[in-house]
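Take a look at the letters that make up each chain.
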Amino acid sequence: MDTSKNTLLKFANLPPFEKITSKDMYQAISFLVQENKKIVKKIENLKKLTWKNFIYLMEESDDKIAKAWAPIRHLNSVMNDVKTRNQYEKSLSLLTSHYGKIGQNKKLFNQYERFYEENKKNLNSSQKKLLADVLQGFKLSGVHLAPKQRKLFRDSQEKLANLESNFEQNILDSTNSWSKNYKTEKLLKGMPKNALEIASEVAAIRKQDGFTLTLDQPCYMAVMTYAESQALRKTFYLAYASRASNKFPLKGNWDNTNNIAEILSLRQTIANILGYKNFAEYSLATKMAKSTQQVIDFLNNLKVKAIGKSKQEMVVLKKYAKKTLNIKIINPWDLAYVSEKYKKENFGVSQEELKQYFPVENVIKGLFKLVKSLYGIEVKIKKTKSVWHPDVRLYEIFDKNKNLRGKFYFDLYARPNKRGGAWMDECIQRRLKSNGSVQAPVAFITCNSSPATKTSPAFFTHYDVETLFHEFGHGLQHMLTKVDYAGISGISGVEWDAVELPSQFMENWCWEKDVLDTFAFHFETNQKLPNKLFKKLLATKNYNTGMALLRQIEFSLFDFLLHMSEEKKKTKLTETVLKNVRKETSLLAVHKNNKFQNSFAHIFSGGYAAGYYSYKWAEVLSADAFMAFKENKLVDRKVGNNFMKKILETGGSKPALELFVDFRGREPIIDPLLKSLGLK
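Please read all numbers here as calculations on a predicted model, not as lab measurements.

Asks: How should I be thinking about the overall build of the protein chain in this particular structure?
Replies: The number of helices and strands found in the protein chain is 27 helices and nine strands. Taking the principal axes of its C-alpha atoms as reference, the protein chain extends roughly 80 × 55 × 50 Å. Within the protein chain, buried positions represent 58% of all 680 residues. Of all intrachain contacts in the protein chain linking residues separated by at least 6 positions in sequence, the fraction that spans at least 24 positions is 73%. Approximately 30000 Å² of the protein chain is accessible, and the part contributed by carbon and sulfur atoms is 52%. Taken as two groups, the 108 positive and 71 negative side-chain charges of the protein chain have centres that lie 1 Å from each other.

Asks: Would you explain the packing of aromatic side chains in this entry?
Replies: Pairs of aromatic rings are described using the distance from one ring centre to the other and the angle between the two planes. By the definition in use, this model includes 59 aromatic pairs. Plain terms: the ring middles of F505 and F629 are 5.3 Å apart, the flat faces sit at 50 degrees to each other, and that makes the pair tilted. Within this pair, whereas F505 is found in helix 18 (residues 501-507), its partner F629 is found in helix 24 (residues 614-630), the two being separated by 124 residues in sequence. An identical accessibility class is assigned to F505 and F629; each is buried. When the centroid spacing of 6.0 Å and the interplanar angle of 55 degrees are considered together, the rings of F558 and F596 count as tilted. Linking F558 in helix 21 (residues 545-564) with F596 in the loop between helix 22 (573-585) and helix 23 (601-604), this pair joins segments that are 38 residues apart in sequence. Here F558 falls in the buried class, since its relative accessible area comes to 0%. Every member of this aromatic cluster is reached through a ring pair, and the members are W496, F555, F558, F596, F600, Y608, Y612 and Y615.

Asks: For this particular structure, what's the right way to read the sheet that holds strand 4 (residues 393-398)?
Replies: Judged by pairing direction, the sheet is mixed, and its five strands sit side by side in the order 3-4-5-9-6 without closing on themselves. At either end of the open sheet lies a strand with only one pairing partner, and these are strand 3 (378-382) and strand 6 (423-428). Ignoring strand direction, the axes of neighbouring strands in this sheet form an average angle of 30 degrees. In terms of strand pairing, strand 3 meets strand 4 through five bridges, oriented antiparallel. By the bridge assignment, E378 is partnered in strand 4 with F398.

Asks: Help me understand the pattern of salt bridges in this model?
Replies: Close approach of charged atoms allows side chains with opposite charge to pair. Under the criterion given, the structure shown has 36 salt bridges. A salt bridge links D63 to R431, with the shortest nitrogen-to-oxygen separation between them at 3.5 Å. You can see D63 sitting in helix 3 (residues 51-78) and its partner R431 sitting in strand 7 (residues 431-432), a full 368 residues away along the chain. Exposure remark for D63: the relative accessible area of 4% places this residue in the buried category.

Asks: I would appreciate a short explanation of the environment of D514 in the present structure.
Replies: In this fold, D514 is placed in helix 19 (residues 513-516). Along the sequence, D514 and V635 sit 121 residues apart, while their C-alpha atoms lie 8.6 Å from each other.

Asks: Whenever I open this one, the packing of helix 7 (residues 147-177) against helix 11 (residues 257-273) confuses me. Can you help?
Replies: Each pair of packed helices can be summarised by the angle the axes make with each other and by the distance between the axes. Packing of helix 7 against helix 11 brings their axes to within 9 Å, and their N-to-C directions diverge by 150 degrees. Between helix 7 and helix 11, the angle falls in the class roughly antiparallel. Pair helix 7 / helix 11 crosses with left-handed handedness. In this structure, helix 7 uses Q149, L152, F153, S156, Q157, K159, L160, L163, E164, N166, F167 and N170 to contact helix 11, whose residues at the interface are N259, I260, E262, I263, L266, R267, T269, I270 and I273. Per-class residue counts for the contact of helix 7 with helix 11 are 10 nonpolar, seven polar and four charged.

Asks: Honestly, helix 8 (residues 193-205) in this entry has me stumped. Any pointers?
Replies: For the α-helix, the turn length of 3.6 residues means that residues three or four positions removed from each other point alike. An ideal rise of 1.5 Å per residue puts 18 Å on 13 residues; helix 8 measures up with 19 Å between its terminal C-alpha atoms. Those residues of helix 8 that sit buried are N194, A195, L196, E197, I198, A199 and A203.

Asks: Just checking my understanding: could you explain the nonpolar core for this structure?
Replies: When a protein is soluble and globular, its nonpolar side chains tend to lie buried together. Formed by 124 residues in total, the largest nonpolar core has its most connected members in Y375, F408, F410, F469, F472, L476 and W509. Those residues in contact with W509 that sit more than four places away from it in its chain are L370, L374, F469, V515, F626, F629, L634 and V635. The next biggest cluster of nonpolar side chains, apart from the first, holds 31 residues, and it includes F17, L32, L92 and L95.

Asks: Sorry if this is basic, but what is going on with empty space enclosed by the protein here?
Replies: Picture a little ball the size of a water molecule; that probe, rolled over the atoms, points out where space is still empty. Under the definition given, this model contains two cavities of 30 Å³ or more. Of the pockets and cavities examined, the largest cavity occupies roughly 110 Å³. Considering the residues around the largest cavity, the lining is formed by 15 residues, among which Q477, V494, G651, A656 and L659 are closest to the centre. Elements that contribute at least two residues to the lining of the largest cavity include exactly helix 25 (637-648) and helix 26 (656-664). It is helix 26 that provides the largest number of residues to the lining of the largest cavity, a total of three residues. Across the lining of the largest cavity, the residue classes break down as seven nonpolar, five polar and three charged.

Asks: Even after reading the chapter, I still don't get unusual backbone geometry, so can you show me in this structure?
Replies: With the exception of glycine, the majority of residues adopt a negative phi angle, and the majority of peptide bonds are in the trans configuration. A positive phi angle, near 60 degrees, is found at K207, a position not held by glycine. When you line up the elements, K207 lands in the loop between helix 8 and strand 2 (211-214). Classification of K207 by relative accessible area gives exposed; the value is 78%. Its identity is not glycine, yet A244 carries a phi of approximately 55 degrees, on the positive side. Following the sequence through the fold, A244 ends up in the loop between helix 10 (230-241) and helix 11.

Asks: What's the story with the pairing of strand 2 in this structure? I'm lost.
Replies: Residues in a regular strand project their side chains so that they alternate between the two faces of the sheet. Every second residue of strand 2 is oriented toward a common face, with F211 and L213 on one face and T212 and T214 on the other, all of them buried. Pairing of strand 1 (residues 179-182) with strand 2, which is carried by four bridges, proceeds in the antiparallel orientation. Bridge pairing links N181 to T212 in strand 2.

Asks: In this structure, what is going on with the side chain of R154? I would like to understand it.
Replies: One can find R154 in helix 7. Buried within the structure, R154 lacks any salt-bridge partner; its nearest side chain of opposite charge belongs to E158, at an N-O separation of 4.6 Å. The residues touching R154, leaving out its near neighbours within four places in the chain, are G100, K101 and Q104.

Asks: Teacher, can you tell me more about the state of the cysteines here?
Replies: Simply put, the disulfide is a covalent bond whose two ends are the sulfur atoms of two cysteines. Counted under the stated rule, the structure contains zero disulfides. Of all cysteine sulfurs, the one in C447 lies closest to C427, which takes part in no disulfide; the gap is 17 Å. Looking at the unpaired C447, the closest cysteine sulfur is the one in C510, lying at 11 Å. For C447, a relative accessible area of 3% translates into the label buried.

Asks: What's the story with a positive patch on the surface in this structure? I'm lost.
Replies: Taken together, the side chains of K5, K10, K19 and K23 define a basic patch exposed on the protein surface. Positionally, K19 belongs in the loop between helix 1 (7-10) and helix 2 (22-44). Given the relative accessible area of 52%, K19 is considered exposed.

Asks: What is the right way to look at the packing of helix 5 (residues 106-119) against helix 6 (residues 125-140) in this model?
Replies: At a closest axis distance of 10 Å, the pairing of helix 5 and helix 6 adopts a crossing angle of 150 degrees. Considered as vectors, helix 5 and helix 6 are oriented roughly antiparallel to each other. In this structure, helix 5 crosses over helix 6, and the sense of that crossing is left-handed. Together, L108, F109, Y112, E113, F115 and Y116 of helix 5 and K128, L131, V134, L135, F138 and K139 of helix 6 make up the contact between the two elements.

Cut-off values and rules
Per chain, the residues get numbers from 1 upward, laid out in the order the sequence is written. Whole-chain, interface and lining totals are the exception, using all residues; otherwise, since this is a predicted model, local features are given only for residues with pLDDT of at least 70 and side-chain atom pairs are given and counted only at 80 or more. Side-chain measures here rest on the full set of heavy atoms in the structure, leaving out hydrogens and waters. A run of H or I in DSSP becomes a helix once it reaches four residues, and a run of E becomes a strand once it reaches two; helices and strands are each numbered from the N terminus. Residue exposure (1.4 Å probe, protein chains only): buried if accessible area is under 20% of the type maximum, exposed if over 50%, otherwise partly exposed. We call two residues in contact whenever any of their non-hydrogen atoms come within 4.5 Å of each other. Here the accessible surface of atoms and residues is derived via Shrake-Rupley with a 1.4 Å probe, and residues count as covered only by protein chains that are part of the display. Counting rule applied: Lys, Arg positive; Asp, Glu negative; His and chain ends not counted. A charged residue contributes its charge at one atom only: NZ of Lys, CZ of Arg, CG of Asp or CD of Glu. Pairing of aromatic side chains here covers Phe, Tyr and the six-membered ring of Trp, requires ring centres within 6.5 Å, and sorts the geometry by plane angle: under 30 degrees stacked, over 60 edge-to-face, intermediate tilted. Following DSSP output, two strands are said to pair if at least two bridges run between them. To get an axis, fit a line to the C-alpha atoms, keeping to the stretch in contact for a helix; angles then go from 0 to 180 degrees between the N-to-C directions. Throughout this description, the term salt bridge denotes a Lys or Arg side-chain nitrogen within 4 Å of a carboxyl oxygen of Asp or Glu. Orientation categories follow fixed angle ranges, with anything under 35 degrees roughly parallel, anything over 145 roughly antiparallel, 65 to 115 roughly perpendicular, and all other angles oblique. Take the far helix as your reference; a near helix turned counterclockwise from it by less than a right angle gives a left-handed crossing, and one turned clockwise gives a right-handed crossing. Lys, Arg, Asp and Glu make up the charged group, whereas Ala, Val, Leu, Ile, Met, Phe, Trp, Tyr, Cys and Pro make up the nonpolar group; the residues left over, Gly among them, are polar. An expected span of 1.5 Å times one less than the residue number is assigned to each helix. Put simply, a nonpolar core is a bunch of buried Ala, Val, Leu, Ile, Met, Phe, Trp, Tyr and Cys residues held in one set by side-chain atoms that sit within 4.5 Å of each other. Cavity: a set of points on a 1 Å grid over the protein atoms alone where a 1.4 Å probe fits but cannot get out. Pocket: an open set with protein on both sides within 12 Å along at least five of seven lines, its lining residues, like those of a cavity, having an atom within 4 Å of a point. Grid points are joined across faces, edges and corners, and a volume is the space filled by probe spheres set on the points. Whenever a pair of cysteine sulfur atoms sits within 2.5 Å, that pair is classed as a disulfide. Only residues whose relative accessible area exceeds 30% and that form no salt bridge are eligible for patches; like-charged ones are grouped when within 9 Å, while nonpolar side chains (Val, Leu, Ile, Met, Phe, Trp, Tyr) are grouped when within 5 Å.

As structure tokens, then:
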């Protein structure tokens, strides 16, 4: 294998995106896996174990793989094409197989146990936590199993990884396959000017007349929220809600129904092999929540608080829809439209009006100004041509002593062949190298808002502003970490139900006038967001929060109960569980073609299996953490430094509860969350 020209094996600091070719991808992973195998072989036979010849050597080899894999994984999400997808799937398959065997390598496990026992008196707390996590990882990978069971476990993991990847690709392919072209604006009445301009540009690119609407998130939301034609909204709703299912309007090989049944079955097998009753139990082994009952009680407690408010909210909307909009029955495709109309009429605020105060460039500057005020860090743009798309930018973060703390890429706009939603992902992890230098962490921060058009700049809705702040919160935990070991630096080693704390914490600032005053300027007049308009915005903060919370509880209960089920046959399980949960949480009749589960990537391909509840669990922590700022002078450097030191810099070096208590001086309480949602 000639690897001398492989770009993924040669870069020192940042992936050379402008040079990466698909043929580099699998070749790099294959080479690094072989290298990793040789290192493991060498370590298995070591008589004298030291941090340097063992723990560090393993970390360094794993880090090389992680650094080559990150751009492959990322490009598959943001610049998906046949060649990249093929290389991604081959690489994923190899890595799953390789690390499945590593996790069951008894000789290696014994070396870790021996090293820990021989050195625990001299290890610092971070080193102990790292090794405890590694040893637990071996146990959760089936290292103690009999050979036959070990193989079944590994085979199940490999099949699962491929199915989860396939699940994700089916969503992307079905989303990209469907669009509607309209020759004139007649049927698109009510649609925002910006959305129509983008639709016109999409049509021109596709050599079509008029306007082409797609299922990309910004376009879909514009239709559902503003299009006056109920028929148009229904058409888009049914296409979007049936993606990757047999109810999808277009015929294609994208149906995820069998994938779901197989994924659930394999997860059940994995859990059972390790002695857990179900996958939910297995999943909690690495989370803050101690038992499945604790999670169910937590969600049911929130459901009771949300249901009364959400029913009142629905009564108000139904009356309004009937009286003002002549909509006698609110269908799922009417809800966003009716909600927006009611909001504009009763609160005097619309997303379209607000957007004019949130040009993307202003919001970015405001975000950077806020983190400088809170943590004393400076964000600077770094010019580079080495990006995967012209819209992408690279930034660097420096602390008050001018030390480089991290770097990140912003990729903010929706486009074809890019996964929907928003996320932060690791590109490079912080770790201390053998020469004493620190490897600076690098993050990918990805959103899907509307791009600029020929006649106007790119704008964010207020929701988009919250989304950017949220993902940047994840990025800060990844980049500001001061932990020296990759396994517990940044978000690594953080319990999954605590990992949303820094991200949800950041959303709170989007509702503070003092913060908005630093960046919410009208794109034409440069006037600040007027007090009157802000008060209207603030009045909408708890508008329909009961319904929004109930929707999140529906997702969380569906996910958790699905993974708590011990039924062997999973074919009809998903429909049954969803139907039962909706009896308690759904306020509208669900259309028979709604197959939302078939595109629920969070739990079937995104790492949130039996963990979707984490969003609400961590929101308890984040609302309570934000109260520490509200109790002082809000944008308070002293509290900010404390939050940075106790939460953002500590990564997974200690249990999340311990870190929270260290910051807050007590365990978290739920009251701040209930107050922020208007439920108390």
